[in-house]
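A closer look at the structure
Residue-level listing of the chains:
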Amino acid sequence: MMERITVQETKKIELNILISIREFCKENGIRYYLTGGSLIGAVRHSGFIPWDDDIDIIMPRKDYMHFIEIFPQEGLNGYKLLSPYTENDCCIVFSKVYDPHTVKMDKEVEKKYWKYGVDVDIFPTDGVPGREKDKQQFFKQQYKDFHIFLALVGGFCFSGNLLKVVAKYIFTMIIKFMGKLGIINANRICLRINDRARQYDVDECQEIAMSIFPHYGKREITNKDRFLRQVELPFENELFTAPGNYDEFLTSLYGDYMKLPPIDKQKTHHLSDFYRK
(Lines give C-alpha, C1' and ligand atoms only; values in the text may rest on other atoms or scores of the structure.)
Protein backbone atom coordinates (compact mmCIF):
# COMPACT_ATOMS: atom_id res chain seq x y z
CA MET A 1 0.00 0.00 0.00
CA MET A 2 1.37 3.42 -0.95
CA GLU A 3 2.05 6.02 1.72
CA ARG A 4 0.22 9.32 1.36
CA ILE A 5 2.42 12.44 1.37
CA THR A 6 1.34 15.38 3.52
CA VAL A 7 1.02 18.91 2.14
CA GLN A 8 4.12 20.02 4.07
CA GLU A 9 6.15 17.10 2.70
CA THR A 10 4.87 17.90 -0.80
CA LYS A 11 6.05 21.50 -0.47
CA LYS A 12 9.48 20.35 0.73
CA ILE A 13 9.91 18.06 -2.29
CA GLU A 14 8.75 20.82 -4.66
CA LEU A 15 11.21 23.29 -3.14
CA ASN A 16 14.07 20.82 -3.59
CA ILE A 17 13.06 20.32 -7.24
CA LEU A 18 13.00 24.11 -7.74
CA ILE A 19 16.47 24.45 -6.20
CA SER A 20 17.78 21.80 -8.61
CA ILE A 21 16.18 23.64 -11.55
CA ARG A 22 17.69 26.94 -10.39
CA GLU A 23 21.20 25.50 -10.22
CA PHE A 24 20.81 23.76 -13.59
CA CYS A 25 19.61 27.01 -15.16
CA LYS A 26 22.53 28.96 -13.67
CA GLU A 27 25.03 26.43 -15.03
CA ASN A 28 23.53 26.58 -18.52
CA GLY A 29 22.60 30.25 -18.88
CA ILE A 30 18.86 29.58 -18.92
CA ARG A 31 16.46 32.29 -17.78
CA TYR A 32 13.57 31.31 -15.52
CA TYR A 33 11.08 33.30 -13.44
CA LEU A 34 8.64 32.55 -10.65
CA THR A 35 5.08 33.05 -11.88
CA GLY A 36 1.44 32.66 -10.84
CA GLY A 37 0.75 31.69 -7.24
CA SER A 38 4.45 31.08 -6.61
CA LEU A 39 5.21 34.69 -7.54
CA ILE A 40 2.41 35.97 -5.30
CA GLY A 41 3.79 33.74 -2.54
CA ALA A 42 7.29 35.18 -2.94
CA VAL A 43 6.06 38.79 -2.87
CA ARG A 44 3.38 38.48 -0.18
CA HIS A 45 4.62 35.60 2.00
CA SER A 46 8.31 35.15 1.10
CA GLY A 47 7.40 31.56 0.32
CA PHE A 48 4.40 29.38 -0.44
CA ILE A 49 0.95 30.85 -0.14
CA PRO A 50 -0.07 29.01 3.07
CA TRP A 51 -2.99 27.20 1.42
CA ASP A 52 -1.27 26.64 -1.94
CA ASP A 53 0.62 23.46 -2.78
CA ASP A 54 2.42 23.91 -6.08
CA ILE A 55 5.26 25.81 -7.75
CA ASP A 56 5.09 27.48 -11.17
CA ILE A 57 7.94 28.95 -13.19
CA ILE A 58 8.09 30.44 -16.67
CA MET A 59 10.85 30.68 -19.28
CA PRO A 60 11.21 32.59 -22.57
CA ARG A 61 10.52 30.09 -25.37
CA LYS A 62 14.16 29.73 -26.50
CA ASP A 63 15.30 29.09 -22.93
CA TYR A 64 12.38 26.68 -22.41
CA MET A 65 13.26 24.63 -25.50
CA HIS A 66 16.95 24.64 -24.58
CA PHE A 67 16.05 23.43 -21.08
CA ILE A 68 14.11 20.50 -22.57
CA GLU A 69 16.84 19.69 -25.09
CA ILE A 70 19.69 19.50 -22.56
CA PHE A 71 17.79 18.08 -19.58
CA PRO A 72 19.76 14.97 -18.55
CA GLN A 73 18.13 11.75 -19.76
CA GLU A 74 19.22 10.04 -16.57
CA GLY A 75 17.50 12.75 -14.55
CA LEU A 76 18.51 15.87 -12.65
CA ASN A 77 19.45 14.95 -9.09
CA GLY A 78 17.03 12.05 -9.47
CA TYR A 79 14.21 14.21 -10.89
CA LYS A 80 12.64 13.53 -14.29
CA LEU A 81 11.21 15.68 -17.07
CA LEU A 82 7.68 15.35 -18.47
CA SER A 83 6.99 17.37 -21.62
CA PRO A 84 4.86 17.17 -24.77
CA TYR A 85 8.19 17.35 -26.63
CA THR A 86 9.45 14.16 -24.98
CA GLU A 87 6.21 12.17 -24.57
CA ASN A 88 3.88 10.96 -27.32
CA ASP A 89 0.94 10.68 -24.93
CA CYS A 90 1.18 13.69 -22.64
CA CYS A 91 -1.64 15.16 -20.54
CA ILE A 92 -0.18 18.69 -20.33
CA VAL A 93 0.60 21.46 -22.82
CA PHE A 94 3.59 22.67 -20.78
CA SER A 95 6.36 20.75 -18.97
CA LYS A 96 7.08 19.44 -15.50
CA VAL A 97 10.07 18.29 -13.52
CA TYR A 98 8.87 15.64 -11.09
CA ASP A 99 10.02 13.19 -8.42
CA PRO A 100 9.70 9.68 -9.94
CA HIS A 101 9.56 8.10 -6.47
CA THR A 102 6.14 9.67 -5.96
CA VAL A 103 2.75 9.35 -7.67
CA LYS A 104 0.25 12.14 -8.35
CA MET A 105 -3.38 11.04 -8.39
CA ASP A 106 -4.92 13.96 -10.22
CA LYS A 107 -8.72 13.92 -10.41
CA GLU A 108 -8.60 16.51 -13.20
CA VAL A 109 -7.10 14.05 -15.72
CA GLU A 110 -7.88 10.46 -16.72
CA LYS A 111 -6.26 7.74 -14.59
CA LYS A 112 -4.06 6.56 -17.46
CA TYR A 113 -2.10 9.82 -17.07
CA TRP A 114 -1.26 9.22 -13.40
CA LYS A 115 2.37 8.50 -14.26
CA TYR A 116 4.22 11.38 -12.65
CA GLY A 117 4.54 12.64 -9.09
CA VAL A 118 5.25 15.72 -7.01
CA ASP A 119 6.37 18.32 -9.52
CA VAL A 120 7.24 21.87 -10.53
CA ASP A 121 5.33 23.27 -13.51
CA ILE A 122 7.36 24.97 -16.26
CA PHE A 123 5.63 27.20 -18.80
CA PRO A 124 7.01 28.93 -21.89
CA THR A 125 6.32 32.58 -22.59
CA ASP A 126 6.03 33.65 -26.23
CA GLY A 127 5.55 36.84 -28.18
CA VAL A 128 2.05 38.03 -29.11
CA PRO A 129 0.67 39.76 -32.22
CA GLY A 130 1.05 43.51 -32.35
CA ARG A 131 -2.39 44.52 -33.63
CA GLU A 132 -5.38 44.39 -31.27
CA LYS A 133 -7.54 42.54 -33.81
CA ASP A 134 -4.83 39.90 -34.25
CA LYS A 135 -4.48 39.52 -30.47
CA GLN A 136 -8.22 38.86 -30.16
CA GLN A 137 -8.13 36.18 -32.86
CA PHE A 138 -4.97 34.60 -31.52
CA PHE A 139 -6.27 34.16 -27.97
CA LYS A 140 -9.64 32.96 -29.25
CA GLN A 141 -7.92 30.16 -31.18
CA GLN A 142 -5.68 29.26 -28.24
CA TYR A 143 -8.61 29.21 -25.83
CA LYS A 144 -10.68 26.98 -28.13
CA ASP A 145 -7.90 24.43 -28.71
CA PHE A 146 -6.93 24.43 -25.03
CA HIS A 147 -10.45 23.47 -23.95
CA ILE A 148 -10.63 20.74 -26.57
CA PHE A 149 -7.32 19.41 -25.21
CA LEU A 150 -8.64 19.51 -21.62
CA ALA A 151 -11.75 17.61 -22.66
CA LEU A 152 -9.62 14.90 -24.30
CA VAL A 153 -7.28 14.28 -21.36
CA GLY A 154 -9.45 15.43 -18.45
CA GLY A 155 -11.56 13.46 -16.05
CA PHE A 156 -15.24 14.11 -15.40
CA CYS A 157 -14.69 16.68 -12.67
CA PHE A 158 -16.83 19.78 -13.18
CA SER A 159 -17.86 22.78 -11.10
CA GLY A 160 -20.36 25.60 -11.52
CA ASN A 161 -24.13 25.74 -11.73
CA LEU A 162 -26.15 22.81 -13.06
CA LEU A 163 -26.51 24.24 -16.57
CA LYS A 164 -22.73 24.75 -16.88
CA VAL A 165 -21.97 21.29 -15.52
CA VAL A 166 -24.37 19.66 -18.01
CA ALA A 167 -22.95 21.71 -20.91
CA LYS A 168 -19.36 20.81 -19.94
CA TYR A 169 -20.31 17.13 -19.61
CA ILE A 170 -21.94 17.01 -23.06
CA PHE A 171 -19.02 18.89 -24.65
CA THR A 172 -16.51 16.53 -22.98
CA MET A 173 -18.41 13.42 -24.10
CA ILE A 174 -18.51 14.64 -27.72
CA ILE A 175 -14.78 15.50 -27.72
CA LYS A 176 -13.80 12.17 -26.12
CA PHE A 177 -15.91 10.28 -28.67
CA MET A 178 -14.18 12.17 -31.50
CA GLY A 179 -10.86 11.26 -29.90
CA LYS A 180 -11.75 7.55 -29.83
CA LEU A 181 -12.68 7.72 -33.50
CA GLY A 182 -9.29 9.28 -34.25
CA ILE A 183 -10.83 12.48 -35.59
CA ILE A 184 -8.86 14.54 -33.08
CA ASN A 185 -5.73 13.71 -31.09
CA ALA A 186 -4.58 15.24 -27.82
CA ASN A 187 -0.90 15.29 -28.71
CA ARG A 188 -1.51 16.94 -32.09
CA ILE A 189 -3.69 19.62 -30.49
CA CYS A 190 -1.09 20.18 -27.78
CA LEU A 191 1.63 20.73 -30.37
CA ARG A 192 -0.72 22.94 -32.42
CA ILE A 193 -1.25 25.18 -29.38
CA ASN A 194 2.51 25.41 -28.87
CA ASP A 195 3.27 25.91 -32.58
CA ARG A 196 0.76 28.74 -32.83
CA ALA A 197 2.41 30.45 -29.85
CA ARG A 198 5.90 29.92 -31.29
CA GLN A 199 5.02 31.90 -34.40
CA TYR A 200 5.68 35.04 -32.36
CA ASP A 201 9.36 35.21 -31.43
CA VAL A 202 9.99 36.79 -28.04
CA ASP A 203 12.98 38.70 -29.41
CA GLU A 204 10.92 40.30 -32.18
CA CYS A 205 7.84 41.32 -30.14
CA GLN A 206 7.30 44.18 -27.72
CA GLU A 207 4.85 42.16 -25.65
CA ILE A 208 4.86 38.58 -24.40
CA ALA A 209 2.39 36.22 -22.75
CA MET A 210 2.03 32.69 -21.47
CA SER A 211 -0.43 31.93 -24.25
CA ILE A 212 -0.37 28.11 -24.34
CA PHE A 213 -2.36 27.98 -21.08
CA PRO A 214 -4.66 30.98 -21.68
CA HIS A 215 -6.51 30.98 -18.37
CA TYR A 216 -6.44 34.77 -18.08
CA GLY A 217 -6.56 35.55 -21.80
CA LYS A 218 -5.16 38.94 -22.78
CA ARG A 219 -4.49 39.79 -19.11
CA GLU A 220 -1.43 37.54 -19.52
CA ILE A 221 0.12 40.08 -21.91
CA THR A 222 2.97 42.12 -20.46
CA ASN A 223 5.83 44.32 -21.64
CA LYS A 224 8.72 42.10 -22.71
CA ASP A 225 11.65 44.28 -21.61
CA ARG A 226 10.22 45.05 -18.18
CA PHE A 227 9.25 41.41 -17.55
CA LEU A 228 12.55 39.85 -18.64
CA ARG A 229 14.63 42.14 -16.43
CA GLN A 230 15.51 39.67 -13.69
CA VAL A 231 15.22 40.43 -9.99
CA GLU A 232 15.61 38.07 -7.05
CA LEU A 233 12.93 37.45 -4.44
CA PRO A 234 13.04 35.35 -1.26
CA PHE A 235 11.06 32.12 -1.29
CA GLU A 236 11.27 29.71 1.67
CA ASN A 237 14.66 31.10 2.76
CA GLU A 238 16.08 30.78 -0.76
CA LEU A 239 16.45 33.35 -3.55
CA PHE A 240 14.84 32.79 -6.92
CA THR A 241 14.48 34.86 -10.08
CA ALA A 242 11.31 36.89 -10.64
CA PRO A 243 10.10 39.24 -13.40
CA GLY A 244 11.35 42.79 -13.13
CA ASN A 245 7.78 44.10 -13.44
CA TYR A 246 6.27 41.56 -11.02
CA ASP A 247 3.93 44.14 -9.43
CA GLU A 248 2.59 45.28 -12.82
CA PHE A 249 2.32 41.67 -14.01
CA LEU A 250 0.51 40.35 -10.93
CA THR A 251 -1.84 43.33 -10.82
CA SER A 252 -2.86 42.66 -14.42
CA LEU A 253 -3.62 39.02 -13.60
CA TYR A 254 -5.16 39.25 -10.15
CA GLY A 255 -5.93 42.87 -9.28
CA ASP A 256 -5.07 43.68 -5.64
CA TYR A 257 -2.98 40.56 -5.12
CA MET A 258 -1.58 41.79 -1.78
CA LYS A 259 -5.05 41.56 -0.23
CA LEU A 260 -5.78 38.16 1.27
CA PRO A 261 -8.88 36.42 -0.14
CA PRO A 262 -11.82 35.64 2.16
CA ILE A 263 -11.28 32.70 4.51
CA ASP A 264 -13.60 30.46 2.50
CA LYS A 265 -11.48 31.08 -0.62
CA GLN A 266 -8.20 30.24 1.09
CA LYS A 267 -7.87 26.73 -0.30
CA THR A 268 -5.96 25.01 -3.07
CA HIS A 269 -7.53 24.92 -6.52
CA HIS A 270 -5.93 21.55 -7.29
CA LEU A 271 -7.64 18.17 -6.94
CA SER A 272 -4.59 15.98 -6.42
CA ASP A 273 -3.27 13.55 -3.83
CA PHE A 274 0.39 12.50 -3.66
CA TYR A 275 1.83 9.16 -2.60
CA ARG A 276 5.23 7.52 -2.23
CA LYS A 277 5.76 4.48 -4.43
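Quick summary incoming for the structure in this document. Treat the numbers as computed from the prediction; the structure is a model and nothing was measured.

**Remarks on the environment of P50**
Residue placement: P50 occurs in the loop between helix 2 (36-45) and strand 3 (56-60). On the accessibility criterion, P50 (51% relative accessible area) is exposed. It is 33 Å that separates the C-alpha atoms of P50 and I148, two residues lying 98 residues apart in sequence. Filtering out sequence-adjacent residues up to four positions away, P50 remains in contact with K11 and H45.

**A short note on the pattern of salt bridges**
According to the stated counting rule, one finds 19 salt bridges in the structure shown. For E23, the salt bridge goes to R22, with nearest N and O atoms at 2.8 Å. A residue is classified by how much of its surface remains accessible, and E23, at 31% relative accessible area, is partly exposed. Given the relative accessible area of 9%, R22 is considered buried. In this structure, the salt-bridge partner of D201 is K62, at a minimum N-O distance of 3.8 Å. With D201 in the loop between helix 6 (186-198) and strand 8 (207-209) and K62 in helix 3 (residues 61-70), the pair connects residues that are 139 residues apart, well separated along the chain. A relative accessible area of 26% places D201 in the partly exposed class. Where salt bridges share partners, they join R22, E23, K26 and E238 into one cluster.

Procedures and definitions
Residues numbered from 1 in each chain as written. Predicted model: local features only at pLDDT ≥ 70, side-chain atom pairs only at ≥ 80, totals over all residues. Heavy atoms only, no water. Helix = DSSP H or I, 4+ residues; strand = E, 2+ residues; numbered from the N terminus. Buried < 20%, exposed > 50% of the residue type's maximum accessible area, 1.4 Å probe, protein only. Contact = heavy atoms within 4.5 Å. Salt bridge = Lys/Arg side-chain N within 4 Å of Asp/Glu carboxyl O.

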